[in-house]
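Listed below are the residues making up each chain.
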Amino acid sequence: MNSKKIIIAIDGYSSTGKSTLAKQLANNLGYVYVDTGAMYRVTTLYALNNGFISENHFNINDFVIELHKIVISFKYNPELKFAEVYLNGVNVEKEIRTMHVSSFVSKVAAVPEVRYQLVKQQQEIGEGTGIVMDGRDIGTVVFPNAELKLFMTASDKIRATRRFDELTAKGDAVTYEEVLHNVRERDYIDTHRKNSPLVKASDAIEIDNSSLTIAEQFDKILKLVTEICS
Ligand code: DC
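Computed from a predicted structure; not experimentally measured.

## Let's talk about the pattern of salt bridges
Move 1: Scanning the model with the defined rule gives 9 salt bridges in all.
Move 2: Among the salt bridges present, the one from Arg97 reaches Asp35, with a minimum N-O distance of 3.0 Å. Of this pair, Arg97 sits in the loop between β7 (90–91) and α4 (99–109) while Asp35 sits in strand β2 (residues 32–35), and the two are 62 residues apart along the sequence. The pair formed by Arg97 and Asp35 is uniform in burial state, with each residue classed as buried.

## Observations concerning the pairing of strand β8 (residues 131–135)
Move 1: Along β8, 5 of the 5 residues are buried, which leaves the element largely enclosed by surrounding structure.
Move 2: Side chains of β8 alternate between two faces, with Ile131, Met133 and Gly135 and Val132 and Asp134 buried alike.
Move 3: In terms of strand pairing, strand β1 (residues 7–12) meets β8 through 5 bridges, oriented parallel. Looking at the pairing, Ala9 lines up with Met133 of β8.
Move 4: Pairing geometry for β2 and β8, over 4 bridges, is parallel. Along β8, the bridge assignment pairs Val32 with Ile131.

## Some thoughts on the site of the ligand
Move 1: The local shell around the ligand holds 16 residues, among which Arg41, Arg115, Asp137, Arg186 and Arg193 are the closest.
Move 2: A distance of 2.7 Å is found between an oxygen atom of the ligand and a side-chain nitrogen or oxygen belonging to Arg41.
Move 3: Here an oxygen atom of the ligand sits 3.1 Å away from a polar atom, N or O, in the side chain of Ser106.
Move 4: Among the detected pockets, the ligand sits in the largest pocket.
Move 5: Elements with a minimum of two residues in the shell around the ligand: α2 (36–49), α4 and α8 (176–192).
Move 6: Classifying every residue of the shell around the ligand by side-chain character gives 4 nonpolar, 4 polar and 8 charged.

## Notes on the sheet that holds strand β6 (residues 82–87)
Move 1: One open sheet accounts for 3 strands, arranged β5-β6-β7; its pairing is antiparallel. At either end of the open sheet lies a strand with only one pairing partner, and these are β5 (72–77) and β7.
Move 2: Looking at chain direction, β6 and β7 are connected through 2 bridges and run antiparallel. Note on β7: the bridge partner recorded for Tyr86 is Asn91.

Basis of the calculations
- Sequence order as written defines residue numbering, which begins from 1 separately in each chain.
- For a predicted model such as this one, the threshold for reporting local features is a pLDDT of at least 70, and the threshold for listing and counting side-chain atom pairs is 80 or more; totals across whole chains, interfaces and linings nevertheless cover every residue.
- As a rule here, side-chain values come from all non-hydrogen atoms in the structure, and water together with hydrogens is ignored.
- For this analysis, a salt bridge means a side-chain nitrogen from Lys or Arg found within 4 Å of a carboxyl oxygen belonging to Asp or Glu.
- The way it works is that DSSP assigns letters per residue, a run of H or I at least four long becomes a helix, a run of E at least two long becomes a strand, and they are numbered from the N terminus.
- Exposure classes here rest on a 1.4 Å probe applied to the protein chains alone. A residue is buried below 20% of its type maximum, exposed above 50%, and partly exposed in between.
- One bridge is not enough; two strands pair if DSSP finds at least two bridges between them.
- In this text, near means that some heavy atom of the residue lies within 4 Å of the molecule or strand in question.
- A 3.5 Å cut-off defines polar contacts: any pair of N or O atoms within that distance qualifies, except that in protein one atom must be a possible hydrogen donor and the other a possible acceptor, and neighbouring residues in sequence count only when both atoms are side-chain atoms.
- Throughout, the protein atoms alone are placed on a 1 Å grid, and a set of points is a cavity if a 1.4 Å probe fits but cannot get out or a pocket if it is open with protein on both sides within 12 Å along at least five of seven lines; lining residues have an atom within 4 Å of a point.
- A pocket or cavity is taken to hold a molecule when more than half of that molecule's atoms are within 2 Å of the pocket's grid points.
- In this classification, the charged set is Asp, Glu, Lys and Arg, the nonpolar set is Ala, Val, Leu, Ile, Met, Phe, Trp, Tyr, Cys and Pro, and all remaining amino acids, among them Gly, are polar.

Right under this line is the structure:
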């Protein structure tokens, strides 16, 4: 058992298995897991459902005025062994994972007011507890003092295949080309935005999991945690 509770920050490109690793670590260590991508997805869902986004236009000015109406919460589901996300009290865990939300989320996540609100909430959730948080700016902006920072990568084709398999298994009618395009587009927007772009923190450990199994990756990271905590 590790007694010292630390902050584990997991950043990286989309579909690099950040949340799979984060859930494994949280369950094994008895830590709280926070999926910050889910918070940006919930915010996007709200914008889509309330008419702020249409095919070619995002009404950012009016949207940021309504940000205070978006209440995001997490509730642990013991069967699934992770905390599901709620928008104003409604479980939206499934709705936020669709391609439709994925196609707009990077644009919403690039809005400075959105980032300001969500980063503040993430810092509050993480205070004084063992935490695993995954996202794009956790080791650089949210918790620059995290004891363990990981930066996950894998080739874009491998990531698109993983995401395609996940979506089709859920019955989402998408093509592989569509998913690959979305992965590449999000990589571009996430790494090029002005406000806290996705970059590897100078003290983060890079994990390329293109040819690692989920179990191999978990063992490798758990060893790192054990070293830090002992
Ligand atoms: O991890 P994910 O694919 O569910 O994240 C969805 C989007 O949210 C991602 O394309 C970029 C954005 N995001 C972000 O900008 N900062 C974070 N900390 C987490 C996600």
